[in-house]
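# Reading the structure
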Amino acid sequence: MFLLVPILGVACFWYSYEIGYWLPEDISTHGHEIDHLFYFILVLTGVVFVATEVVMFWFMWKYDNKTNREPVKYTHGSHNLEIVWTIVPAATLVFIAIYQMNAWAEVKIRTPQMPPTVEVTARQFEWRIRYPGPDNRLGTQDDIHYVNDLHLPVDEEILLNLKSMDVLHDFFVPALRVKQDAVPGNRIPMWFRAKKTGTYDLVCAELCGWGHYKMKGRVTVESRSDYNAWLANLYNEQQATQPAAAEPAE
Ligand SMILES: [Cu+2]
């Protein structure tokens, strides 16, 4: 029965992978680095898991009650063994900490020097999206607003500013391999490049209240011309609802 644990454990992973119940296709330019770290840690922990389960099974099999009639001998710890099993995991963790540094810097530290493409403000329970209007500046009166459908141009560096209006949320686009908490009071930059057009899930990955489950949006990646047309259309629709006098802002 104990041997079934590693066998079923590995089989579960294998089967999920085979039927596609796995990471979604990576459409970002940085995602392969993150996926590489994921697989590296999965294999490392997988090997240790299987090895310890098999060793445990082997001991139970070999030292069962029927064939081992002599009384148990207890040992009182081994200093050397304890040092080894402390140092090996500690060294492994230090190695992973150093090994992932470049991937972390790539997605969280080396902010590109460019004006923001878009600002996303999370609130209970939706994503409010704001693009710069014709003046190309965010935070002015001609800004273009939308909710829950983040349109982005393909093959371009995107700088997204993330904010929250109320509580902690988390901007998660699995296909882009981006995940970032939205923290009230902070404006947090995120950057990435999508290399494939299509529609992808945008979900909240932080339990943020009763409606967390429905805080679902999407990301639409499209060609530059489609993106421009969509944005221009949205701008016109928005202007049509404004009184004419309010038109020229600062
Ligand atoms: Cu949320």
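My aim in this report is to walk through the structure given alongside it, one point at a time. Computed from a predicted model, the values in this text were never measured in an experiment. (Residues numbered from 1 in each chain as written. Predicted model: local features only at pLDDT ≥ 70, side-chain atom pairs only at ≥ 80, totals over all residues. Heavy atoms only, no water.)

## Points about the coordination of the copper ion
The coordination sphere of the copper ion, as far as protein atoms go, consists of H169 (ND1), C204 (SG), C208 (SG) and M215 (SD), spread over 2.1 to 2.5 Å. Counting gaps between the donor residues of the copper ion yields the pattern H-x34-C-x3-C-x6-M. Taken as a pair, H169 in strand β6 (residues 169-173) and C204 in strand β9 (residues 198-204) lie far apart in primary sequence, 35 residues in all. (Donors = N, O, S within 2.8 Å, 3.2 Å for Na, K, Ca; no water. Helix = DSSP H or I, 4+ residues; strand = E, 2+ residues; numbered from the N terminus.)

## Here we look at helix α2 (residues 31-62)
At 3.6 residues per turn, the α-helix brings residues three or four places apart onto the same side. Look at α2: 46 Å from first C-alpha to last across 32 residues, which is about the 46 Å you get at 1.5 Å a residue. The complete set of buried residues in α2 reads G31, D35, L37 and E53. Looking at the buried side of α2, the elements it contacts are α1 (4-18), α3 (79-99) and α4 (101-109). (Expected span 1.5 Å × (residues − 1). Buried < 20%, exposed > 50% of the residue type's maximum accessible area, 1.4 Å probe, protein only. Contact = heavy atoms within 4.5 Å.)

## Considering the environment of A240
Assignment of secondary structure puts A240 in helix α5 (residues 224-240). Separated by 216 residues in the primary sequence, A240 and P24 place their C-alpha atoms 39 Å from one another.

## Thoughts on the packing of α2 against α4
The description of two packed helices rests on the angle between their axes and on the distance between the axes. Contact geometry of α2 with α4 gives a least axis separation of 10 Å together with a crossing angle of 145°. In this structure, α2 meets α4 at a crossing whose hand is left-handed. From α2, E33, I34 and L37 reach across to α4, where they touch N102, A103, E106 and V107. Looking at the contact of α2 with α4, its residues break down into 4 nonpolar, 1 polar and 2 charged. (Axes fitted to C-alpha atoms, helices over the stretch in contact; angles between N-to-C directions. Left-handed = near helix turned anticlockwise from the far one by under 90°. Nonpolar A, V, L, I, M, F, W, Y, C, P; charged D, E, K, R; others polar.)

## Things to note about the pattern of salt bridges
Going through the model one piece at a time under the given rule, you end up with 10 salt bridges. In this structure, the salt-bridge partner of R130 is D143, at a minimum N-O distance of 2.7 Å. In this pair, R130 sits in strand β2 (residues 126-131) while D143 sits in the loop between β2 and β3 (144-147), placing the two residues 13 residues apart along the sequence. The residue D149 makes a salt bridge to R218 at a minimum N-O spacing of 3.2 Å. Taken together, the positions of D149 in strand β4 (residues 149-153) and R218 in strand β10 (residues 216-222) put the pair 69 residues apart, joining distant regions of the chain. Exposure remark for D149: the relative accessible area of 7% places this residue in the buried category. Each of R123, E126 and R128 takes part in a single network of salt bridges with overlapping partners. (Salt bridge = Lys/Arg side-chain N within 4 Å of Asp/Glu carboxyl O.)

## A look at the environment of M1
Inspection of the secondary structure puts M1 in the segment before α1. Note on M1: relative accessible area 81%, which makes it exposed. Sequence spacing of M1 and I188 is 187 residues, and the spatial spacing of their C-alpha atoms is 49 Å.

## Examining the sheet that holds strand β7 (residues 178-182)
Here we have 5 strands laid out as an open sheet, ordered β4-β10-β9-β6-β7, and mixed in their pairing. Every other strand in the sheet has two partners, leaving β4 and β7 as the edge strands with one partner each. Strand-to-strand twist across the sheet, computed as the mean angle between neighbouring axes with direction ignored, equals 20°. Taken together, the 5 bridges between β6 and β7 define a ladder with antiparallel strand orientation. Across the sheet, residue F172 finds its bridge partner in β7, namely K179. (Pairing = 2+ DSSP bridges.)

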